[in-house]
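Residues per chain, in single letters:
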Amino acid sequence: MLALSDVSFAYPGGRQALAGLSLRLGAGIVGLLGPNGAGKSTLMRMLATLNRPTQGSILWRGRDIAREPEALRHELGYLPQEFGVYPAQTAREFLRYLAAVKGLPHASIASRVDECIEMVGLVAGRDRPIGSFSGGMRQRVGIAQALLNDPALLIVDEPTVGLDPGERQRFRNLLTELAGKRLIMLSTHIVSDVEAIATDLVVMQKGRLRFAGSPQELLRAA
Ligand code: ADP
Ligand code: ADP
């Protein structure tokens, strides 16, 4: 589904955040691991078509996303690390607002929002203000907004920061339920977030690829 070849990225001012990354990814849950500064968020933003590679290419189902970002945008759901909510709105109100901004057909917004709320397990809290939610519930709102357009590529950047162990486990269960035919890319610096649920692992360090393969292969290589 997704093929990166020799992708590099430098921020304006010169810092090389990604260097010569090549990867091929199909459906499943891909865990993107690496210490702070490894380039995980930079790569996630690039797949979300917010950063353009300074070198190399990224193909989504054969189409170059630097040339044709729309080819991917329609099929993309993104939960950025710094996802902001409006605390006074209820989950339903906020998601309906985002669905309208994303351009979902007006007539389908209410039902699609309720479907997404159900998929992420927020039915009981849907009419409460988001400001009253736990960290885990807020992250579910973030996943729900990323699912509104039923994306084939779901990008989730460091979603478990600030969640307690129980919430992290429930979050892993949710991603497993959502995987199906999707490609889910999940970045984290916590190995236990992904070792049990990832079909593939990608390990980065200082902008370079250190490992790509199954969790079993990573254990054998270690
Ligand atoms: P990670 O998500 O793995 O912690 P990042 O992608 O955030 O890594 O960062 C990779 C490198 O790029 C780091 O050296 C970081 O300081 C740098 N960087 C990240 N964002 C920016 C930015 N907006 N401008 C300049 N440098 C950045
Ligand atoms: P991460 O957890 O991904 O490493 P950071 O703390 O590095 O996140 O970055 C937080 C925000 O600050 C990001 O939006 C990133 O783009 C920005 N940022 C990170 N490093 C730099 C930098 N050297 N110069 C400018 N912005 C940066």
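All chains use their own residue numbering, which begins from 1 and follows the written sequence. Each chain is given a letter, starting from A, and each ligand a number, starting from 1, according to the order in which they appear as written. With the structure being a predicted model, the display of local features is reserved for residues of pLDDT at least 70 and the display and counting of side-chain atom pairs for 80 or more, all residues being used for whole-chain, interface and lining totals. Calculation of side-chain values draws on the structure's entire complement of heavy atoms; hydrogens and water are dropped beforehand.

A. Seen up close, the confidence of the model for the protein. Per residue, pLDDT measures the predictor's confidence, with a range of 0 to 100. Within the protein, residue pLDDT values average 95, and 100% of them lie at 70 or more. Across the interfaces of the predicted complex, the ipTM metric reaches 0.75, alongside a pTM of 0.90.

B. Representation of the site of ligand 1 in the model. To be near a molecule or strand, a residue needs just one of its heavy atoms within 4 Å of it. Looking at ligand 1, the residues that line it are Y11, R15, A17, P35, N36, G37, A38, G39, K40, S41, T42 and R45. Here a polar contact means two N or O atoms within 3.5 Å. Within protein one must be a hydrogen donor candidate and the other an acceptor candidate, and residues neighboring in sequence count only if both atoms are side-chain atoms. Within the backbone of G39, a nitrogen or oxygen atom sits 3.0 Å from an oxygen atom of ligand 1. In terms of residues, the shell around ligand 1 owes the most to one element, helix α1 (residues 40-47), which gives four residues. Its residues assigned to classes, the shell around ligand 1 comprises four nonpolar, five polar and three charged. Under the scheme used here, helices are H or I runs from DSSP no shorter than 4 residues and strands are E runs no shorter than 2 residues, and both carry numbers assigned from the N terminus. Nonpolar residues are Ala, Val, Leu, Ile, Met, Phe, Trp, Tyr, Cys and Pro. Charged residues are Asp, Glu, Lys and Arg, and all others, Gly as well, are polar.

C. Representation of the sheet that holds strand β5 (residues 63-64). Spatially, β2-β1-β4-β5 is the arrangement adopted by the four strands of the open sheet, whose pairing is antiparallel. A single partner strand is all that each edge strand has here, and the edge strands are β2 (16-25) and β5. Whether two strands pair comes down to DSSP finding at least two bridges between them. Across six bridges, the pairing between strand β1 (residues 2-10) and β2 is antiparallel. The residue bridging F9 from the neighbouring strand is L18, located in β2. Each of β1, β2 and β4 (55-60) is contacted by α1, which is oriented at about 120° to β1, the strand it contacts most. Pairs of residues are marked as contacts when any of their non-hydrogen atoms sit within 4.5 Å. Axis lines are fitted to C-alpha atoms, over the contacting stretch for helices. Their N-to-C directions set the angle, which ranges from 0 to 180 degrees.

D. Structural context of the site of ligand 2. Looking at ligand 2, the residues that line it are N36, S41, R45 and Q81. For ligand 2, an oxygen atom lies 3.1 Å from a polar atom in the side chain of R45. With respect to ligand 2, the side chain of Q81 contributes an N or O atom lying 3.1 Å from an oxygen atom. Starting from 540 Å² of accessible surface for ligand 2 in isolation, the protein chains cover 33%. Per-class residue counts for the shell around ligand 2 are no nonpolar, three polar and one charged. Using a 1.4 Å probe, accessible areas were evaluated by the Shrake-Rupley method; residue-level cover was limited to the displayed protein chains.

E. Seen up close, the nonpolar core. To define a nonpolar core, start from buried Ala, Val, Leu, Ile, Met, Phe, Trp, Tyr and Cys residues and group those joined through side-chain atoms within 4.5 Å. For every residue, the accessible area (1.4 Å probe, protein chains only) is compared with the maximum for its type, and the residue is labelled buried under 20%, exposed over 50%, or partly exposed between those bounds. Ranked by internal contacts, the top residues of the largest apolar core, which has 39 residues, are V141, I143, V156, L175 and I184. Sorting the residues of this core by element identifies β3 (28-33), α3 (91-101), α4 (109-119), α5 (135-147), β7 (153-157), α6 (165-179), β8 (183-188) and β9 (200-205) as the ones contributing at least two each. Apart from the residues within four sequence positions on either side, I143 is in contact with L79, V120, V156, F171, L174, L175 and L178.

F. Summary view of α4. Considered for burial, the residues of α4 that qualify are I109, R112, V113, C116 and I117. For α4, the buried positions fall inside an angular range of 140° around the axis, keeping them on one side. Packed against the buried residues of α4 are α3 and α5. In the stretch just after α4, G121 is the one whose phi turns positive, near 75°. The arc in question is the one spanned by the directions pointing from the helix axis to the C-beta atoms.

G. Structural context of the layout of surface pockets. For cavity detection a 1 Å grid was placed over the protein atoms alone, and a set of points counts as a cavity when a 1.4 Å probe fits there but cannot get out; an open set counts as a pocket when protein lies on both sides within 12 Å along at least five of seven lines, with lining residues being those that have an atom within 4 Å of a point. Grid points are joined across faces, edges and corners, and a volume is the space filled by probe spheres set on the points. If you add up the space inside the largest pocket, you get close to 400 Å³. As for the largest pocket, its lining consists of 16 residues, and the residues nearest its centre are R73, L76, G77, K102 and N149. Only β6 (76-79) and α5 provide two or more residues apiece to the lining of the largest pocket. For the lining of the largest pocket, the element with the highest residue contribution is β6, accounting for three residues.

H. Molecular detail of the packing of aromatic side chains. Pairing of aromatic rings covers Phe, Tyr and Trp, the last through its six-membered ring, and needs centres within 6.5 Å; plane angles under 30 degrees mean stacked, over 60 mean edge-to-face, and all others mean tilted. Under the criterion given, the structure shown has two aromatic pairs. Ring geometry for F9 versus Y11: centroids 4.9 Å apart, planes at 90°, classification edge-to-face. The exposure class assigned to F9 is buried, which follows from its relative accessible area of 7%.

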